[in-house]
Amino acid sequence: MFYLKYRPQTIGELDNTQVRDKISNLLKTKDIPHAMLFVGSKGMGKTSTARIAAKAVNCLENLFAGKGTSFEPCNTCSNCTSIDKNSSPDVVEQDAASNRGIEEIRKLIKESSFAPMAGRYRVYIIDEAHMITPDAFNALLKTLEEPPKTVLFILATTNEEKVPTTIISRCVRIPFGQANKADIFH
C-alpha cells in the first residue's frame, strides 16, 4: 500500500505546512498543551500526526529527553519503536466509533491518573472523537479541565460540529486541510 509505505515518521515529513508549523511550534516551546483537537477530512493524516507527536514527547534521544538539538522523534529508541509497533504502554489509541460509551471513557479517565511507565507522557489518541456519546463527553470534560501533568489527549475528528463546544474550548485546535502541491513535493 502506497500510503503505508510513505507514511511520515517525523514532523518535518508532514505534507501540510500549516499542520507541520503548528505542531513544530507547540513542541519547540516544550509547553505541551494537555489536549489537542485534530480536525479534517478522512485521510488527511490526523492519526499519523498524533502518533508522531506521541513519539516526539516520549523520545529518549531528542530535546524532551535533554539530548540533541531537535524535538523530532529519533525513530530508533525503544519508546519510538514501541509506539510504531502499537506496543507502548504509554500511548493508548482508542477508536471512538466502537468505544464511545461512558464506561469506555471512565476506564480511559481512570487509566490517565497513572504515571507513564516508559516515557514522559501518557498519550491518549481518540480517533473519530465525534462519535463519543453526550454522557461520555461530560465525563471526559472534567479530566480535560484538570488533567494530570503527564497526560496528553489528542482527539481526532472528521465532524467537528458533533463535538461539544465545551470540549473544543479546552483543546488546541489544529485544522487538517488538503496539502498544496508545494507541500507534497518539499
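Look up: the structure comes first, before these words.
Residues numbered from 1 in each chain as written. Predicted model: local features only at pLDDT ≥ 70, side-chain atom pairs only at ≥ 80, totals over all residues. Heavy atoms only, no water.

### As for the packing of aromatic side chains
Using the criterion set out here, one finds two aromatic pairs in the structure. Taken together, a centroid distance of 5.5 Å and an interplanar angle of 25 degrees make the contact between Y124 and F153 stacked. Here F153 lies in strand 4 (residues 151-157) and Y124 lies in strand 3 (residues 122-127), a separation of 29 residues in the sequence. The same class applies to Y124 as to F153, namely buried. (Phe/Tyr/Trp six-rings, centres within 6.5 Å; stacked < 30°, edge-to-face > 60°. Helix = DSSP H or I, 4+ residues; strand = E, 2+ residues; numbered from the N terminus. Buried < 20%, exposed > 50% of the residue type's maximum accessible area, 1.4 Å probe, protein only.)

### Things to note about the packing of helix 5 (residues 102-112) against helix 6 (residues 134-145)
It is at 8 Å that the axes of helix 5 and helix 6 come closest, and there the two elements cross at 15 degrees. Considering their axes alone, helix 5 and helix 6 lie roughly parallel with respect to each other. Here the hand of the crossing between helix 5 and helix 6 comes out right-handed. The segment helix 5 lies against helix 6, with I102, I105, I109 and S112 engaging D135, A136, A139, L140 and T143. Among the residues making up the contact of helix 5 with helix 6, the classes are represented as six nonpolar, two polar and one charged. (Axes fitted to C-alpha atoms, helices over the stretch in contact; angles between N-to-C directions. Parallel < 35°, antiparallel > 145°, perpendicular 65-115°, else oblique. Left-handed = near helix turned anticlockwise from the far one by under 90°. Contact = heavy atoms within 4.5 Å. Nonpolar A, V, L, I, M, F, W, Y, C, P; charged D, E, K, R; others polar.)

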